[in-house]
Amino acid sequence: MIPFDFEYYKPASCKEAVSLFLELHDRGKQPLYYSGGTEIITMARLNQVYTEAVVDIKGIPECNVLEQQGEQLVFGGAITLAQIEESGMFPLLAKACHHIADHTSRCKITLGGNICGNIMYREAVLPALLTDSEVVIAGEDGLRQVSIHEVFDQQLQVKKGEFLVQLITEKRFADQPFFCEKKTKLDKIDYPLLTLAALKVDDQIRVALSGVCAFPFRQAAIERYLNHRESPAAERVDNALRQLPAPVLDDLLGSSGYRRFVLRNTLFDALEALEGAET
Amino acid sequence: MSEKASFRIHVNGEGRDVLVRSADTLLYTLRDQLGLTGAKPGCENGDCGACTVLVDGWPTKSCMMLAVEADGRSITTIEGLTDSPVQKAFLEHWGFQCGYCTSGFIMNGHALTEIHPDASDPLVENWLQSNICRCTGYQEIKEAIKSVLAKTES
């Protein structure tokens with residue numbers, strides 16, 4: 001049971017949602033945008049999050065888009081991870097979503113919720129980083145469409161009242177070879193030791209990681225070393241491992257040493273899968 | 001909607017009026033207001049699947065859904081399943097021991113056989129990983145569901 005009360009609103013447009021959120025904020029209600037809601041319910045039950053009002057974005061048509069528009073794939077923020085898997089529109093994103101929680105939970109967890117949540121893994125952002133996707137953000141001044149790289153730094157950097165409406169990916173990336181693996185310590189359903197997503201574009205391998213550091217990332221230096229084909233695979237991988245942007249996580253799920261060990265092996269797996277590299 | 005409000009919820013094919021806090025989960029609304037106790041509280045953290053119901057035909061952990069979110073959706077609980085082949089298969093294959101997780105497994109298995117009657121083994125395992133059986137009856141549960149899929153295929 002959630003031990004405190006809050007108000008529930010379900011606006012029908014982005015404009016209505018933003019103005020409602022800001023009004024609730026001004027009234028001191030500490031509002032939260034609500035999509036799948038699994039993280040809010042879980043944390044509220046444990047008093048780890050508090051709000052006096054939630055604004056549910058599932059009634060906004062733009063947030064429920066899941067379709068190909070010309071040469072672009074459009075994913076609404078309120079689309080569930082299970083819907084993305086079932087759609088088959090973007091196999092790499094489907095695989096990344098497939099690794100999050102369990103199937104029934106994925107029928108509730110949404111794309112926007114996973115990318116914008118407090119839980120640090122945010123695996124659904126990895127394909128977006130690899131494909132230089134764009135995101136549509138709703139805010140006080142209406143909708144703006146920007147590169148994911150402009151607004152995602154460790155987490156989605158948005159102003160008060162802004163929320164993720166859509167993720168837009170060029171369709172050509174859906175046909176590229178990819179590798180996506182989640183490694184856990186024991187159970188299949190658990191938070192990850194790491195998730196590695198890789199995509200081969202124009203003969204170059206792109207890599208994005210979650211669970212290695214305290215935030216998901218794509219690092220140019222890692223890709224530069226991994227794509228240095230003149231060097232042996234072990235040297236490429238070891239050089240890449242020296243380019244991590246922050247300390248490797250060291251927690252109950254896995255020590256930093258174990259995570260590095262698993263990451264090294266998974267990078268070899270990615271190279272083998274995408275270019276048949278000798279390891 | 002502020003603190004407490006009434007609305008009509010569509011459960012097992014009929015409209016039922018409920019009075020809920022916005023913070024009430026669907027699980028406790030079903031159990032305490034509508035007397036539908038087939039959805040079981042287990043972990044209440046979205047992990048165990050004992051509270052699984054169907055929302056518009058898809059499995060959903062009712063502890064992870066606010067009752068107010070059910071407005072306009074079609075909810076099916078274990079009480080709403082009559083003569084589902086999965087229920088019969090659980091009996092035939094001994095797909096339960098203590099029975100506490102059974103309704104959640106049946107709801108999930110029923111949805112799987114309806115949505116993916118041609119489900120592959122990996123897909124069955126993928127869906128069943130959503131539920132936990134502390135009596136560890138997994139093999140029998142899987143066999144029960146696969147028997148329904150096999151009949152559908154034939």
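Predicted model, so just to flag it, every value in this text is computed and none were measured.

Engineer: For this particular structure, what's the right way to read the overall build of chain A?
Structural biologist: If you tally the helices and strands in chain A, you get eleven helices and 14 strands. Here the C-alpha atoms of chain A give a radius of gyration of 19 Å, agreeing with the 19 Å that 2.2 N^0.38 yields for 279 residues. Taken along its principal axes, the extent of the C-alpha atoms in chain A is 60 × 45 × 30 Å. By sequence separation, contacts in chain A at least 24 residues apart represent 59% of the contacts at least 6 residues apart. With the model as given, the accessible surface of chain A reaches about 11800 Å², and the carbon-plus-sulfur share is 47%. Of the charged side chains in chain A, 29 are positive and 39 negative, and the gap between their average positions amounts to 3 Å.

Engineer: What should I look at first to understand the domain arrangement of chain B in this one?
Structural biologist: All names here are of chain B. Examined at the domain level, chain B breaks down into domain 1 (4-77) and domain 2 (81-153). Taking only C-alpha atoms, the centre of domain 1 and the centre of domain 2 are 21 Å apart. Taken together, the contact between domain 1 and domain 2 spans 16 residues of the former and 13 residues of the latter. When domain 1 packs against domain 2, the two sides together hide about 1100 Å² of surface, and 63% of this comes from carbon and sulfur.

Engineer: Can you help me understand the nonpolar core in this one?
Structural biologist: When a protein is soluble and globular, its nonpolar side chains tend to lie buried together. Among the nonpolar cores identified, the biggest contains 37 residues, and Phe75, Val125 and Val135 of chain A are the most heavily contacted of them. Ranked by residue count, the leading element in this core is helix H7 (residues 125-130) of chain A, at five residues. Here this core gathers at least three residues from each of two domains, domain 2 (61-173) and domain 3 (176-275) of chain A. Excluding its chain neighbours within four sequence positions, the residues that come into contact with valine 135 of chain A are Arg144, Gln145, Val146, Ile148, Val151, Leu164, Gln166 and Leu167 of chain A. Ile2 of chain A together with Cys51, Val53 and Ala67 of chain B belong to the second largest nonpolar core, which has 34 residues in total.

Engineer: What is the right way to look at the sheet that holds strand S4 (residues 58-61) of chain B in this model?
Structural biologist: Through backbone hydrogen bonds, the strands of a sheet pair up, either in parallel or in antiparallel fashion. All names here are of chain B. Pairing within the open sheet is mixed, and its five strands lie in the order S2-S1-S5-S3-S4. The open sheet has two free edges, formed respectively by strand S2 (14-21) and S4, since each of these has just one partner strand. Ignoring which end each strand starts from, the neighbouring axes of this sheet average 45° apart. Helix H3 (residues 102-115) rests against strand S3 (52-55), S4 and strand S5 (74-76) of the sheet, and its axis sits at about 35° to S3.

Engineer: Hey, could you run me through the interface of chain B and chain A in this one?
Structural biologist: The extent of an interface is frequently quoted as the accessible surface area lost upon association of the parts. Contacts between the two partners involve 29 residues from chain B, matched on the other side by 29 residues from chain A. Summing both sides of the interface, chain B and chain A together bury roughly 2500 Å²; the carbon and sulfur share of this comes to 54%. Its largest share of buried area at the contact with chain A, chain B owes to Met64, Glu69 and Gln129 of chain B, together 22% of the area lost on that side. Applying the counting criterion to the chain B and chain A interface returns four salt bridges. For aspartate 5 of chain A, the salt bridge identified is with arginine 21 of chain B, shortest N-O distance 2.6 Å. On inspection of chain B and its partner chain A, the count reaches 18 residue pairs in polar contact (both at pLDDT 80 or more). Residue assignment for the side of chain B that touches chain A shows that the elements contributing at least two residues are S4 and helix H4 (121-128) of chain B. Here the element with the most residues in the side of chain B that touches chain A is S4 of chain B; it accounts for four residues.

Engineer: Can you help me understand helix H11 (residues 256-275) of chain A in this one?
Structural biologist: Residues and elements named next belong to chain A. With 20 residues, H11 extends 28 Å between its outermost C-alpha atoms, agreeing within 8% with the 28 Å of an ideal straight helix rising 1.5 Å per residue. Among the residues of H11, those classed as buried are Arg259, Val262, Leu263, Thr266, Leu267, Phe268, Ala270, Leu271 and Leu274. In the core, the buried residues of H11 are packed alongside strand S11 (178-183), strand S12 (194-201), strand S13 (204-210), helix H9 (220-226) and helix H10 (233-241). Backbone geometry just after H11 places glycine 276 at a positive phi near 65°.

Engineer: Help me out: how do you make sense of the environment of leucine 143 of chain A in this one?
Structural biologist: Turning to its location among the elements, leucine 143 of chain A is positioned in strand S7 (residues 142-147). Other than its neighbours up to four places away in sequence, leucine 143 of chain A contacts Cys14, Val136, Ile137, Ala138 and Val165 of chain A.

Engineer: Explain the pattern of salt bridges here, please?
Structural biologist: Side chains that differ in sign of charge can pair as their charged atoms come close. Taken as a whole and judged by the stated rule, the model has 27 salt bridges over all chains. In this structure, the salt-bridge partner of lysine 61 of chain B is aspartate 102 of chain A, at a minimum N-O distance of 2.7 Å. A residue pair is termed interchain when its members come from two chains, as with lysine 61 of chain B in strand S4 and aspartate 102 of chain A in the loop between helix H4 (91-98) and helix H5 (103-106). Taking the relative accessible area as the measure of exposure, aspartate 102 of chain A reaches 4% and is therefore buried. Between lysine 200 of chain A and aspartate 203 of chain A there is a salt bridge; the shortest N-O distance is 3.7 Å. When salt bridges with common partners are traced through the structure, they connect Lys200, Asp203, Arg229, Arg236 and Glu275 of chain A into a single cluster.

Engineer: Could you clarify how one ought to interpret the pairing of S12 of chain A in this entry?
Structural biologist: Successive residues of a regular strand alternate their side chains across the two faces of the sheet. All names here are of chain A. Most of S12 sits out of view: eight of its eight residues are buried. Of the two faces of S12, the one holding Leu194, Leu196, Ala198 and Lys200 and the one holding Thr195, Ala197, Leu199 and Val201 are both buried throughout. When S11 meets S12, the two strands line up antiparallel, connected through six bridges. Looking at the pairing, phenylalanine 178 lines up with leucine 199 of S12. Note that S12 and S13 share seven bridges and pair antiparallel. Paired with alanine 198 across the bridge in S13 is valine 207. Two successive antiparallel strands, S12 and S13, enclose a turn made up of two residues, where aspartate 202 displays a positive phi of approximately 50°.

Engineer: Can you walk me through the sheet that holds strand S3 (residues 53-56) of chain A in this structure?
Structural biologist: All names here are of chain A. The strand order across the open sheet built from three strands is S1-S3-S2, with neighbouring strands paired in parallel fashion. Each edge of the open sheet is held by one strand with a lone partner, namely strand S1 (7-9) and strand S2 (32-34). For this sheet the average axis-to-axis angle between neighbouring strands, irrespective of direction, equals 30°. The sheet contact formed by S2 and S3 spans three bridges and is parallel. Bridge pairing links leucine 32 to valine 54 in S3.

Each value, and the rule that gives it
- Numbering of residues begins from 1 in every chain and follows the order in which that chain's sequence is written.
- As a convention, the first chain written is A and the first ligand written is 1, with the rest following in written order.
- In keeping with the model being predicted, local features are shown solely for residues with a pLDDT of at least 70 and side-chain atom pairs are shown and tallied solely at 80 or more, while totals for entire chains, interfaces and linings include all residues.
- No hydrogens and no water enter the side-chain calculation; it runs on all heavy atoms of the structure.
- To qualify as a helix, a DSSP run of H or I must reach at least 4 residues; to qualify as a strand, a run of E must reach at least 2; elements of each kind are numbered from the N terminus.
- Within these notes, the globule rule equals 2.2 Å times the number of residues to the 0.38 power, and the radius of gyration is based on C-alpha atoms.
- The criterion used for residue contact is that any of the two residues' heavy atoms lie within 4.5 Å.
- Residue burial considers only the protein chains on display, and all accessible areas are found by Shrake-Rupley using a 1.4 Å probe.
- Counting rule applied: Lys, Arg positive; Asp, Glu negative; His and chain ends not counted.
- The atoms used to mark charge sites are NZ of Lys, CZ of Arg, CG of Asp and CD of Glu.
- Either an automatic procedure or a domain database provided the assignment from which the domain bounds are taken.
- Buried surface area refers to the total accessible area, computed with a probe of radius 1.4 Å, that the two partners give up upon joining, counted for both partners together.
- Here, nonpolar core means buried Ala, Val, Leu, Ile, Met, Phe, Trp, Tyr and Cys residues that are tied together by side-chain atoms lying within 4.5 Å of each other.
- Relative accessibility decides the category of a residue: with a 1.4 Å probe and only protein chains considered, values under 20% of the type maximum give buried, values over 50% give exposed, and everything between is partly exposed.
- Strands qualify as paired when DSSP identifies two bridges or more between them.
- Simply put, an axis is a line fit to the C-alpha atoms, just over the touching stretch for a helix, and the angle between two N-to-C directions goes from 0 to 180 degrees.
- For this document, the term salt bridge refers to a Lys or Arg side-chain nitrogen within 4 Å of an Asp or Glu carboxyl oxygen.
- Two N or O atoms form a polar contact when they lie within 3.5 Å of each other; inside protein one atom must be a possible hydrogen donor and the other a possible acceptor, and for residues adjacent in sequence the pair counts only when both atoms belong to side chains.
- A helix is expected to span 1.5 Å multiplied by its residue count minus one.

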